[in-house]
Amino acid sequence: MIASSVVVLLFALAASVLLALIIGGIAIALVHWDGGSLPAALSRGGVAFAGTLTLCCAILAILLGTGR
């Protein structure tokens, strides 16, 4: 039982990282498409990646904390 919950947690973390990568890539594309420089686009993409990953981890922590 414990092993399956660890697998589910790792799968949720992997999905969170994948979602954050997609959001970061979209942010980079949008800033660059809008005429921003490449360093500005990478900076915005990094902020979007970090913000998305932080939000996903916070939601996972809340769900795990209330599940007990």
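All values derive from a computational prediction rather than experimental measurement.

**Structural notes on the overall build of the protein**
Along the backbone of the protein there are two helices and zero strands. In terms of its C-alpha atoms, the protein occupies a principal-axis envelope of roughly 50 × 20 × 15 Å. Relative to its 68 residues, the protein shows a buried fraction of 15%. Counting contacts in the protein only where the partners sit at least 6 residues apart, residues at least 24 apart contribute 61% of the total. Summed over its atoms, the accessible surface of the protein is roughly 5,000 Å², and 80% of this surface lies on carbon and sulfur atoms.

**Re helix H1 (residues 2–33)**
In this model H1 runs 46 Å from its N-terminal to its C-terminal C-alpha over 32 residues, within 8% of the 46 Å that 1.5 Å per residue would give. Taken together, the buried positions of H1 are Ser16, Ala20, Gly24 and Ala27. Looking at the residues trailing H1, positive phi occurs at Gly35, about 105°.

**Here we look at the environment of Ser5**
Tracing the backbone through its elements, the reader meets Ser5 in helix H1. Placed 51 residues apart in sequence, Ser5 and Cys56 show a C-alpha to C-alpha distance of 18 Å.

Cut-offs and rules
Residues numbered from 1 in each chain as written. Predicted model: local features only at pLDDT ≥ 70, side-chain atom pairs only at ≥ 80, totals over all residues. Heavy atoms only, no water. Helix = DSSP H or I, 4+ residues; strand = E, 2+ residues; numbered from the N terminus. Buried < 20%, exposed > 50% of the residue type's maximum accessible area, 1.4 Å probe, protein only. Contact = heavy atoms within 4.5 Å. Areas by Shrake-Rupley, 256 points an atom, 1.4 Å probe, with all protein chains shown as cover. Expected span 1.5 Å × (residues − 1).

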